[in-house]
Amino acid sequence: MELVFGLELTEVDRSRNIYALIKKLNLRGDEGPSEEGGLPKSGFLMVLLGIIFMKGNHAPGEEVWEFLSVLGVYTGRKHWIFGEPRKLITKDLVQKKYLKYHQVPNGDPLHYDFLWGPRAYVDFNKMKVLEVLAKFHDTVLTSFPDLYNKALRDQVERAGLRGTARAPTMAEASAPSRAKSYSSSHI
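Notes on the structure in this doc start here. (Residues numbered from 1 in each chain as written. Predicted model: local features only at pLDDT ≥ 70, side-chain atom pairs only at ≥ 80, totals over all residues. Heavy atoms only, no water.)

1. Some thoughts on the overall build of the protein chain
1) Next: A tally of regular secondary structure across the protein chain gives eight helices and five strands.
2) Next: In the protein chain, the succession of helices and strands from N to C terminus is α-β-β-α-β-α-α-β-β-α-α-α-α. (Helix = DSSP H or I, 4+ residues; strand = E, 2+ residues; numbered from the N terminus.)

Given below as structure tokens:
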């Protein structure tokens, strides 16, 4: 729940079985993309960015919706945290420039792709997205060698100089994740 929804279930009173959902995920130092007074959507956005990253920096809409259905998020069906997901993803996150959603030219049949938006490149980085994917799969960064190398290159490019980016050492990248999460073969 923490990685995708940004929430942690905490026991408040054991004798009366009272629990509370606590906002937990804080990836950027603020609440990230959320509605005013609403729940954080950073974890959900990180999942979307991870799908896009894993698909070569552009993910077919059909594959994104298929994956989200595994998480219990369906287009056209209001979600208790995210509201209507199609509006959140194709309107809100696009308007805030976290995502790009465009029609594939000459697509037959007509279809759309998702890409990282300019604000996603500013507020997040591929290494952080890969860390979330590794936690989601309860594994280490180097379990995704191609993505890990792309994330390293991204850090180098962001640093502006070849070889100056601070990448996790092999020991850090190979260390098991401390987050307890459930894995899925769909990301």
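2. Here we look at helix H6 (residues 126-136)
1) Next: Of all 11 residues making up H6, eight are buried, and the element is well covered by its neighbours.
2) Next: Every buried residue belonging to H6 is among Lys 126, Met 127, Val 129, Leu 130, Val 132, Leu 133, Ala 134 and Phe 136, and all of these are buried.
3) Next: Capping of H6 at its N-terminal end is provided by Asn 125; its side-chain oxygen lies 3.0 Å from the backbone amide nitrogen of Met 127.
4) Next: Taken from the residues just after H6, Asp 138 is the one with a positive phi, measuring 55 degrees. (Buried < 20%, exposed > 50% of the residue type's maximum accessible area, 1.4 Å probe, protein only. Polar contact = N/O pair within 3.5 Å; in protein donor to acceptor, adjacent residues only side chain to side chain.)

3. What about the nonpolar core?
1) Next: If you look at the biggest cluster of nonpolar residues, it comprises 38 residues, and the most contacted ones within it are Phe 44, Leu 48, Leu 49, Leu 68, Ile 89, Leu 99 and Leu 130.
2) Next: Where this core is concerned, the elements lending two or more residues are helix H2 (42-54), helix H3 (61-70), helix H4 (85-95), strand S5 (112-116), H6 and helix H7 (145-159).
3) Next: Per-element accounting of this core gives the leading share, nine residues, to H2.
4) Next: Two domains each donate at least three residues to this core, and these are domain 1 (40-124) and domain 2 (125-163). (Core = buried A, V, L, I, M, F, W, Y, C linked by side-chain atoms within 4.5 Å. Domains from an automatic or database assignment.)

4. As for the pairing of S5
1) Next: As paired strands, strand S3 (residues 59-60) and S5 are joined by two bridges and run antiparallel to one another. Looking across to S5, one finds that Pro 60 is bridged to Asp 113.
2) Next: The pairing of strand S4 (residues 99-103) with S5 spans five bridges and is antiparallel. Bridge pairing in S5 places Leu 99 opposite Trp 116. (Pairing = 2+ DSSP bridges.)

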